[in-house]
Amino acid sequence: MGEQEKENVTYDDLVQTRNIQILKSIVPFLEFRTQKPVAMLIQYLEFKNATDAFSRRDNSMAACSLPNGSERRNAMLNAIRQYCTPKEQETIDTILNMFCVMDNYELFNS
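Rules used in this analysis
Residues numbered from 1 in each chain as written. Predicted model: local features only at pLDDT ≥ 70, side-chain atom pairs only at ≥ 80, totals over all residues. Heavy atoms only, no water. Axes fitted to C-alpha atoms, helices over the stretch in contact; angles between N-to-C directions. Helix = DSSP H or I, 4+ residues; strand = E, 2+ residues; numbered from the N terminus. Parallel < 35°, antiparallel > 145°, perpendicular 65-115°, else oblique. Contact = heavy atoms within 4.5 Å. Nonpolar A, V, L, I, M, F, W, Y, C, P; charged D, E, K, R; others polar. Expected span 1.5 Å × (residues − 1). Buried < 20%, exposed > 50% of the residue type's maximum accessible area, 1.4 Å probe, protein only. Salt bridge = Lys/Arg side-chain N within 4 Å of Asp/Glu carboxyl O. pLDDT = per-residue confidence, 0-100.

(A) Seen up close, the packing of helix α5 (residues 70-81) against helix α6 (residues 86-109). One can describe the packing of α5 onto α6 by two numbers: an axis separation of 10 Å at closest approach and a directional angle of 170°. Comparing their axes, α6 and α5 come out roughly antiparallel. Of the residues in α6, those in contact with S70, R73, N74, L77, N78, I80 and R81 of α5 are Q89, I92, D93, I95, L96, F99 and D103. Partitioned by chemical class, the residues of the contact of α5 with α6 number six nonpolar, four polar and four charged.

Here it is in structure tokens:
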């Protein structure tokens, strides 16, 4: 896995597999009485994958390896941004710009 790919690892990348996605896609087509057991199986598989991922020494959540501070904060806001409405994205952009100004001000004064 390249350095750029490591930076883009999400929680879903850790817990979801191709097989889980296939199971999720067939749930609506199952008979009503079998939907719940399959949904529970899917949740179990995701839970198992999550516990396995966080049990490994080389935790794949690469974003967490970013240093605390502005780099990590900006990466987190950009990760959230992709799931926001256009108005929320505008707010995040404003916040990011504000942080950039504040960071530059601190750099200038030090």
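(B) Layout of α6. With 24 residues, α6 ought to run about 34 Å at 1.5 Å a step, and its terminal C-alpha atoms sit 35 Å apart, in line with that. For α6, the full list of buried residues reads Q89, I92, L96 and F99. Next to the buried residues of α6 lie α5.

(C) Focus on the pattern of salt bridges. Taken as a whole, this structure holds six salt bridges when the rule is applied. Notably, a salt bridge pairs E46 with K24, separated by 2.8 Å at the nearest N-O pair. Taken as a pair, E46 in helix α4 (residues 32-55) and K24 in helix α3 (residues 18-26) lie far apart in primary sequence, 22 residues in all. For K24, a relative accessible area of 31% puts it in the partly exposed group.

(D) How the structure looks around the confidence of the model for the protein. Model confidence for the protein is summarised by a mean pLDDT of 84, while 82% of its residues fall at 70 or above. Every residue in residues 1-6 is under pLDDT 50, and counting partners more than four places away or in other chains gives three contacts.

(E) Representation of the environment of T51. Relative to the helices and strands, T51 is located in helix α4. Given a relative accessible area of 32%, T51 falls into the partly exposed group.

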